[in-house]
Amino acid sequence: MTMSFPRQSARTRRFTLGAPRGITIAPDGSAVLFLRSRGGTDPVTCLWRLDPATGEETLLADPARLNVDEGDLPAEERARRERAREAAGGIVAYTTDDAVRKAVFALAGQLFLVDLASGAVRQLDAVTPVFDPRLDPRGGRVAYVAERSLHVIDLATGADTVVARPESPQISCGLAEFIAAEEMGRMRGYWWSPDGRNLLVARVDETPVQRWHIADPANPERPAQEVAYPAAGTANAIVSLSIVTAEGTGRAAVAWDRGMYPYLVCASWNERGPLIVVQTRDQRTLRVLNVDDLDGETTVEHADHDSIWLEIVSGVPARTSSGALVWTLDDDGTRRLTVGGEPVTPEGLQVRSVLGVQGASVLFTASQEPTEVHVWTYSPEGGVTRLTEEPGVYSGVRAGEVTVLTGSTLGSTRSRTWIHGTGVEISNLAEQPVITPDVALFSAGQREIRTAVLLPSGFDPASGERLPVLMDPYGGPHAQRVLAVGRMYCEAQWLADQGFAVVIADGRGSAGRGPVWERTIAGDFCDVVLEDQIAALQAAAERYPLDLDRVAIRGWSFGGFLAALAVLRRPDVFHAAVAGAPVTDWRLYDTHYTERYLGHPDEEPEAYVANSLIEDAPKLERPLMIIHGLADDNVVAAHTLRLSSALLAAGRPHTVLPLSGVTHMTPQEVVAENLLHLQVSFLKDALAAR
């Protein structure tokens, strides 16, 4: 019997299991390390090595052979995986020395070291549970976090030294705070010096952060989880930095105006010393600071300001071998790559991220067409060159003469990982979906909103039948749903095969179209975003036989907010909605994300009222299902409960589906599978009643 798509999607974690990731290349080109599970339904990730010359793959570390139980992960690791949206288990992260001769990883709170030449794996004696172990660049020491303290193990002697210890349970050393991990993309809290003698260490004081308590109502005997959550307008954690020796014998505080620049965006340390980026709370000013590694004093290397906000770009700042700063510039409608202060990419090429710098050459991703993300290089001699050709979404890693590229295209439901310029590939063991998406991409309306449409398999548009519509957006900033990646549309095709025309649109605010497009939503999550979804729907109806009297919408997170917003404010267009984990009151969401777009609630209170769904509760006249994981520590369940209370007070019938033990992700197989069926059933019943 053929497995149903919902079950297969749930078992394979949306077809991510078995796909290679976490690439590291030895600088001499002798080996490529990567993470991958043994198959498309195996959630246990292993560490592997590829020989670039022969294509031979060798299993280096298999959790099944290490005799550890992952049943009780450390709290810090559970939080990191939630922030990283990590759905797999096993070895989900590792680090190496610069020469890529050794690797370390944490598994179930234990610390392991791999000799990459011999393949020998041994457990190190460490304080447990271990979190975020990192080899020093020379390979002689391992740093790790345990009990909120930063430890260093000398591999030659086995001595374990605490080099940074917190003064209270509200303080941690070497960890990234919630805001850094969830919103800035900074998952780490310490950085080695190139010679392995010193470390730059973050100290996070959560004393001023308000405490929320997330309970599990299905298991009342369990105590509620206490979470330090900095909601919009409230206090953030206080983040500072210091330089400590690997022996724990010295400390120098890094000095900058933390009152003016409270956010530590990122940090790095190369041969020219530490480099940090700090940001004002209103996110309109960024400073790149050089740090003196002797006394911690800082000098301004570069400063940026924007009257609305500045985006954080992954991979910058960096330096070329000559010391030139690699950064980005928002130049009217284009985000451009700069080297030494000079733009080196052309107008219209939107830089997405910097993947690495080698010598004077920069490897980066960028988009000309928003539905595609390609890998490019820049060098002073060769200028800007694109490495990937077929329409799709790509990324890459480079070391020495070896470049490994990973990409997904519209015509395939599997990603491909290969060594550029060769026929050598890393095997992708992900399952092939039992469903084949047939998606059409087009640009809708005057704003050329990138839109995807999927019809039921075998449907004949000339039949005279008009299809009910299911809008399936994210619709908010940063993310994109409309990309030239076939795997992204498998679920949408299954939904279409239930009898819908599925329409997905990336309106203003989404990534890939430059700073002007992104900043159009400043102060307004509602009117602009909803207007673009309706424009895409109307444009799709001009091309396909859509029944605009039967239009449903569903979404998760910001998409859940958008789905609920649609039926509350435009019931003339949207006739039913499923809102998953929706933000309903932006005062309950975190500081960095919310204040970037809506401002500080004490300074812009009207923006929070205008963008609140609670205020709109009495307007509900369409069927609405709200789904929320009760263990969600990102969009807490209070969002759904407050909206439900307001709807009840207004006498508006609605459906609430609470998910016990579920966070902002839904990796649980049975939950993920049945959620799809329940949503379809609800929407079909709601539209059939019209």
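Residues numbered from 1 in each chain as written. Predicted model: local features only at pLDDT ≥ 70, side-chain atom pairs only at ≥ 80, totals over all residues. Heavy atoms only, no water.

A. Structural context of the environment of Arg 78. When you line up the elements, Arg 78 lands in helix 2 (residues 75–84). Owing to a relative accessible area of 44%, Arg 78 belongs among the partly exposed residues under this scheme. Between the alpha carbons of Arg 78 and Val 100 there is a distance of 27 Å; along the sequence they are 22 residues apart. (Helix = DSSP H or I, 4+ residues; strand = E, 2+ residues; numbered from the N terminus. Buried < 20%, exposed > 50% of the residue type's maximum accessible area, 1.4 Å probe, protein only.)

B. A look at the pairing of strand 16 (residues 198–205). Counting buried residues in strand 16 gives six out of eight residues, a clear majority hidden from the surface. As defined by bridge partners, strand 14 (residues 171–173) adjoins strand 16 across three bridges and the pair is classed as antiparallel. The residue bridging Ser 172 from the neighbouring strand is Val 204, located in strand 16. Pairing geometry for strand 15 (residues 190–192) and strand 16, over three bridges, is antiparallel. Each residue of the ladder has a partner; that of Trp 191, found in strand 16, is Leu 200. Joining the antiparallel neighbours strand 15 and strand 16 is a turn of five residues, in which Gly 196 adopts a positive phi near 75°. Where strand 16 lies against strand 19 (residues 238–245), eight bridges are found, and the strand directions are antiparallel. Within the sheet, the bridge partner assigned to Val 201 lies in strand 19 and is Ser 242. (Pairing = 2+ DSSP bridges.)

C. Local environment of the packing of aromatic side chains. Summed over all chains, the structure comprises 20 aromatic pairs. Here the aromatic rings of Phe 525 and Tyr 597 are separated by 5.4 Å at their centres, their planes lie at 55°, and the arrangement is tilted. One end of the pair, Phe 525, is in the loop between helix 5 (515–519) and helix 6 (527–543); the other, Tyr 597, is in helix 8 (residues 591–598), with 72 residues separating them in the sequence. Just as Phe 525 is buried, Tyr 597 falls in that class too. Taking 5.0 Å as the distance between ring centres and 70° as the angle between the ring planes, the aromatic pair formed by Tyr 593 and Tyr 597 counts as edge-to-face. Placement of the pair is Tyr 593 and Tyr 597 together in helix 8, with a separation of four residues, close to one helical turn. The exposure class of Tyr 593 is buried, given its relative accessible area of 6%. (Phe/Tyr/Trp six-rings, centres within 6.5 Å; stacked < 30°, edge-to-face > 60°.)

D. Spotlight on the sheet that holds strand 36 (residues 425–426). As summarised here, the arrangement of the four strands in space is 33-34-35-36, forming an open sheet in which the pairing is antiparallel. Strand pairing shows two members of the sheet lacking a second neighbour, strand 33 (392–399) and strand 36, which therefore form its edges. Sheet topology places strand 35 (residues 416–419) next to strand 36; two bridges connect them, and they run antiparallel. Across the sheet, Thr 417 pairs through a bridge with Ile 426, a residue of strand 36.

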